[in-house]
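Okay, here's what each chain looks like letter by letter:
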Amino acid sequence: MMESLEAQKVISRHRGDAIVVATMTANAEWSQVSTNPGLDLMHTGSMGKASSIGLGLALAQPNKKVIVLDGDGSLLMNLGSLVTIANMAPPNLIHFVFENNVYRTTGGQPIPGAGKLGFMGLARYAGYTNVHEFEDLESLKNNIETVMNQVGPTFVCIKVPPATERSPFPSVSTTKIISRFRAALQRSSH
Amino acid sequence: MTTNSTPLTARRVLDELKKCGITHIIWLPDSEAVFMYEAMISQHELTLVPICREGEAIAIAAGLMLGGKEPVVLHQNTGFFESGDSIRGLALNLRLPLLLLIGYRGWRRDAPMTDSAGIFTEPILDAWGIKHYLVETDQDVPIISRGYREAHESNNPVAILIGKEYA
């Protein structure tokens, strides 16, 4: 396993000008490592819909990469999105899931199926073009360039340890994040 | 429906959506809107996004709108209930001018509503401050453009209730 913050540093180094949609736990850590916060869409409270927001953005902006930083509990709330995404098959979507097997934001209660469930298998049989699973930082580092350059949709399960300390909600309001995002997207599209 | 009106046709609805500049239809089949299926798949101007469950639709629409596109969501009032928290957390909180085309299960003109889906639809739309209009015939179709315009003027979702079941 690897610390999710370390994994996010690796992703950030290879992010380029990709849009990033982050939710729940990933929000707090991504804001520490992001080098392009304007193109970050941090969102909480949409009941696991980061993957669906990412799909919409990937369809709307086919010339831009869209990275989703999802949680395992979040994805379980919206599992059908795996099938919807695979069916629309956006080549520019990279869907990371941080598997810590707990609901970190509520203090570490186990997710249903913890330890039995295989997220990479779910994505594979939903029809994602590429699927990956990384258990240690070295293998993530060695493969990140391939992952980021594959014709998607690409699914990446990152195994991280269970965390029980609650991550803070974003301090910036959602409406501010949205207007900052729209402006940054407009700038980066020209 | 008056004696001079003609039943709602898919072609008229799609033409009206195209007139508004709609780019994507995010949908899940339902009894009221399924009359549009053949017409939707036989055209290429509007991209269809089929979903597995209605709550996905609002989030996909949010992503499309933030990326500069103009989607509509097409599903039944039961799906509207299902997608409730996404409507609250995304469409309403982010002030998205999203057009919701909602199949009005339980709606029968001049007949009492016995299906609770029909009974709860308008009160819930009202509670959330979402304007809504009924479309039953081809003569009603311009209401779709009005709803689209009002959504953009108010930066709020607007619902078009499709009162046509099993046609």
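Residues numbered from 1 in each chain as written. Chains lettered and ligands numbered in written order. Predicted model: local features only at pLDDT ≥ 70, side-chain atom pairs only at ≥ 80, totals over all residues.

Residue and element names in this part refer to chain B. Spatially, six strands are ordered β2-β1-β3-β4-β6-β5 in an open sheet, and the strand pairing comes out parallel. Each of the sheet's edge strands pairs with one partner strand only, and the pair in question is β2 (47-50) and β5 (131-135). Direction aside, the axes of adjacent strands within the sheet are offset by 20° on average. Bridge count for β5 against strand β6 (residues 158-162) is five bridges, and the pairing is parallel. When the sheet's bridge partners are listed, Lys131 is paired in β6 with Val158. (Pairing = 2+ DSSP bridges. Helix = DSSP H or I, 4+ residues; strand = E, 2+ residues; numbered from the N terminus. Axes fitted to C-alpha atoms, helices over the stretch in contact; angles between N-to-C directions.)

For the pair helix α3 (residues 50-60) of chain A and helix α3 (residues 55-66) of chain B, the least separation of the axes is 6 Å and the interaxial angle reads 40°. Judged by the angle between their axes, α3 of chain A and α3 of chain B are oblique. Of the two elements, α3 of chain A crosses α3 of chain B, and the hand of that crossing is right-handed. Every residue of α3 of chain B that contacts α3 of chain A at Ser52, Ile53, Gly54, Leu55, Gly56, Leu57, Leu59 and Ala60 of chain A is listed here: Glu56, Ala59, Ile60, Ala61, Ala62, Gly63, Leu64 and Leu66 of chain B. Here the contact of α3 of chain A with α3 of chain B is composed, by residue class, of eleven nonpolar, four polar and one charged. (Parallel < 35°, antiparallel > 145°, perpendicular 65-115°, else oblique. Left-handed = near helix turned anticlockwise from the far one by under 90°. Contact = placed C-beta atoms within 7 Å. Nonpolar A, V, L, I, M, F, W, Y, C, P; charged D, E, K, R; others polar.)

Take the interface of chain A and chain B next. Residue-level contacts link 25 residues of chain A with 22 residues of chain B. Every element with two or more residues in the side of chain A that touches chain B is listed here: α3, α5 (80-88) and α8 (174-189) of chain A. Per-element accounting of the side of chain A that touches chain B gives the leading share, eight residues, to α3 of chain A. Looking at the side of chain A that touches chain B, its residues break down into ten nonpolar, 13 polar and two charged.

Before going further, it helps to spend a moment on the pairing of strand β4 (residues 99-103) of chain B. Residue and element names in this part refer to chain B. Among the five residues that make up β4, five are buried, leaving the element largely enclosed by the rest of the structure. Of the two faces of β4, the one holding Leu99, Leu101 and Gly103 and the one holding Leu100 and Ile102 are both buried throughout. Summarising the sheet, strand β3 (residues 71-76) and β4 pair through five bridges and their orientation is parallel. Of the residues in β4, the one forming a bridge with His75 is Ile102. Across five bridges, β4 lies against β6 in parallel orientation. Pairing of Leu101 across the sheet is with Ile160, part of β6. (Buried ≥ 20, exposed ≤ 12 C-beta atoms within 10 Å, placed from the backbone.)

A separate point is the environment of Asp140 of chain B. Residues and elements named next belong to chain B. Relative to the elements of secondary structure, Asp140 occurs in the loop between β5 and α7 (142-154). On the basis of neighbour counts, which here come to 19 C-beta atoms within 10 Å, the residue Asp140 falls in the partly exposed class. For the pair Asp140 and Leu8, spaced 132 residues apart in sequence, the C-alpha separation works out to 8.2 Å.

Here the focus is unusual backbone geometry. Across the junction of Gly152 of chain A and Pro153 of chain A, the peptide omega takes the value 10°, indicating a cis bond. Located in the positive-phi region is Ala89 of chain A, a residue other than glycine, with phi close to 50°. Structurally, the position occupied by Ala89 of chain A is in the loop between α5 and β4 (93-99). The phi dihedral of Arg95 of chain B is positive, around 55°, even though this residue is not glycine. Summarising the element assignment, Arg95 of chain B is placed in the loop between α5 (84-92) and β4.

Attention now moves to the pairing of strand β3 (residues 66-71) of chain A. Residues and elements named next belong to chain A. Among the six residues of β3, six are classified as buried, and the element is accordingly described as predominantly covered. Side chains Val66, Val68 and Asp70 project from β3 onto one buried face, and the interleaved Ile67, Leu69 and Gly71 project onto a second face that is buried too. Sheet topology note: the strand β1 (residues 19-23)/β3 ladder contains four bridges and is parallel. Looking across to β3, one finds that Val20 is bridged to Ile67. Bridge count between β3 and β4: six bridges; the pairing is parallel. Paired with Ile67 across the two strands is Ile94, which belongs to β4.

Residue pairs three or four apart in sequence face the same way in an α-helix, which turns once every 3.6 residues. Residue and element names in this part refer to chain A. Within helix α6 (residues 119-126), burial applies to Phe119, Ala123 and Ala126. Buried residues along α6 cover an arc of 65° about the axis, so they all sit on one side. Where α6 is buried, its residues contact α4 (72-76), α5, β4, β7 (130-134) and β8 (154-159). Directly after α6, the chain includes Gly127, whose backbone phi takes a positive value near 115°. (Arc of directions from axis to C-beta.)

What follows is about the confidence of the model for chain B. All names here are of chain B. A residue-level look at chain B finds 96% of positions with pLDDT of 70 or above and a mean pLDDT of 92. Taken element by element, the predicted model of chain B shows its lowest mean pLDDT in helix α2 (residues 37-41) (90) and its highest in α7 (98). For this predicted complex, the interface confidence score (ipTM) comes to 0.95, while the overall pTM stands at 0.95. (pLDDT = per-residue confidence, 0-100.)

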